[in-house]
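# Understanding the architecture of this molecule
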Amino acid sequence: MKLSNFNFNLPAELLAEFPSENRDEARLMVVNRKTQTIEHKLFKDILDYFDEGDVMVLNNTKVFPARLYGNKEKTGARIEVFLLRELNAEQRLWDVLVDPARKIRIGNKLYFGDDDSLVAEVIDNTTSRGRTLRFLYDGSYEEFRAKLVELGETPIPKYINREVTPEDAERYQTIYAKEEGAVAAPTAGLHFSKHLMKRLEIKGIKFAEVTLHVGLGTFNPVEVEDLSKHKMDSEELKITQEACDIVNAAKLSKHRVCAVGTTTMRAMESSVSSAKTLNPFEGWTNKFIFPPHDFSLADCMITNFHTPKSTLLMMISAFCGHDLMRKAYDEAIKEKYKFYSYGDAMLIL
């Protein structure tokens, strides 16, 4: 498989600018690998495809308001700062992306907030757009983090060509988000409403939670024709013993395990034992899944519709089978399904 196998023409109007009115009423395409068939449903119909004892594995990462706008000292130029990860809590060092990057050099100071209550100094260049910042703030660590939340805005993806709304803070977050650390939402999970989760629970479907803090690397387009040469950014991952017990018990009793989203799938595939059971894990993963790949744990998965040449699309091809994936995507475009973060969903059985 080469990069060119993952290119397709995606009409701009199919990129979802807003989420569906109700979380569980996005459209759902059900793709059956065994029968090679495609059905069109609503997301809440997912209930009909699972039975008592089946397990859904969720990524409980929580998106933090990672996008800040500051002003450069002296010139006052407006600079976007996107927080990627905290490098050192004590020294308030952060790995960030800046835009426009050409104006930001080591030694520059940036001021945030109407009263300039937060200041950052550029102490290193990491990549063409990447910088290391040291934040200067009079106050405790808790107050500093509260200040970041106050000044930051929901990091909805760049392709969404509109201002952030107060609703985004709620809708660009799964209802089961717990562990703060992601700069992008695990979007398949956005379709679950409290009501749907309750109905799944009543039916006897179990939930296991893993934590993979989604970084921007997930969305980096692949630029090498030979996929094996693509390097994924590392993302922080935690899988508890409790999650392993739930998943492994389901496998043992021949119940289905459904990965909710590509991040969950990547989390699980990053920590599989030789006996094809899930192992506890705490650390970082840069697992890149592309065809051919032998999946060890999940029998089915829920995912959104992804953009051309993305690593996410490559994982779907590996799980679904390339021809069936292409057929499903052709159908999605024909039927005007919405793509990407706020888009519609696909269930692959």
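Just above sits the structure.
Residues numbered from 1 in each chain as written. Predicted model: local features only at pLDDT ≥ 70, side-chain atom pairs only at ≥ 80, totals over all residues. Heavy atoms only, no water.

Our next topic: the nonpolar core. If you look at the biggest cluster of nonpolar residues, it comprises 64 residues, and the most contacted ones within it are M29, F339 and M346. Per-element tally for this core: the top contributor is helix α6 (residues 311–320), with seven residues. (Core = buried A, V, L, I, M, F, W, Y, C linked by side-chain atoms within 4.5 Å. Buried < 20%, exposed > 50% of the residue type's maximum accessible area, 1.4 Å probe, protein only. Helix = DSSP H or I, 4+ residues; strand = E, 2+ residues; numbered from the N terminus.)

Right, let's get into the layout of surface pockets. Think of a ball as big as a water molecule: rolled over the atoms, this probe shows where empty space is left. By volume, the largest pocket amounts to about 1,000 Å³. Lining of the largest pocket is provided by 39 residues; of these, L84, V183, G215, L216 and G217 occupy positions nearest its centre. Elements represented by at least two residues in the lining of the largest pocket include exactly β6 (78–88), β7 (93–99), β11 (179–182) and β13 (235–239). A per-element tally of the lining of the largest pocket places β6 first, with five residues. Grouping the constituent residues of the lining of the largest pocket by class yields 17 nonpolar, 10 polar and 12 charged. Viewed by domain, the lining of the largest pocket spans two of them, domain 1 (3–63 + 169–348) and domain 2 (67–153), each represented by three or more residues. Approximately 220 Å³ is the volume attributed to the second largest pocket. Lining the second largest pocket are 13 residues, with Y69, E153, I160, R162 and E163 sitting closest to its centre. Those elements giving two or more residues to the lining of the second largest pocket turn out to be β5 (67–72) and β6. The residue inventory of the lining of the second largest pocket, partitioned by class, reads five nonpolar, one polar and seven charged. (1 Å grid on protein atoms, 1.4 Å probe; cavity = no way out; pocket = protein on both sides within 12 Å on 5 of 7 lines; lining within 4 Å. Points joined across faces, edges and corners; volume = space filled by probe spheres on them. Nonpolar A, V, L, I, M, F, W, Y, C, P; charged D, E, K, R; others polar. Domains from an automatic or database assignment.)

Looking now at the environment of D124. Looking at the secondary structure, you find D124 in strand β9 (residues 118–125). Here D124 falls in the partly exposed class, since its relative accessible area comes to 37%. Not counting residues up to four positions away in its chain, the partners in contact with D124 are I106, G130, R131 and T132. (Contact = heavy atoms within 4.5 Å.)

Per the stated rule, a full pass over the model turns up four cavities of 30 Å³ or more. Forming the boundary of the largest cavity are 16 residues, of which A185, T187, T262, H306 and L312 lie nearest the centre. Elements with a contribution of two residues or more to the lining of the largest cavity: α5 (262–269) and β16 (300–304). The residue makeup of the lining of the largest cavity, split by class, is seven nonpolar, nine polar and no charged.

A few words on the sheet that holds strand β14 (residues 257–260). Strand order in the open sheet formed by nine strands is β2-β1-β17-β16-β14-β3-β12-β13-β15, and the pairing between neighbours is mixed. Only two strands of the sheet have a single neighbouring strand rather than two, namely β2 (37–42) and β15 (281–285). The sheet shows a mean angle of 20 degrees between the axes of neighbouring strands, taken without regard to direction. Relative to β16, β14 runs parallel, the two being bridged by three bridges. (Pairing = 2+ DSSP bridges. Axes fitted to C-alpha atoms, helices over the stretch in contact; angles between N-to-C directions.)

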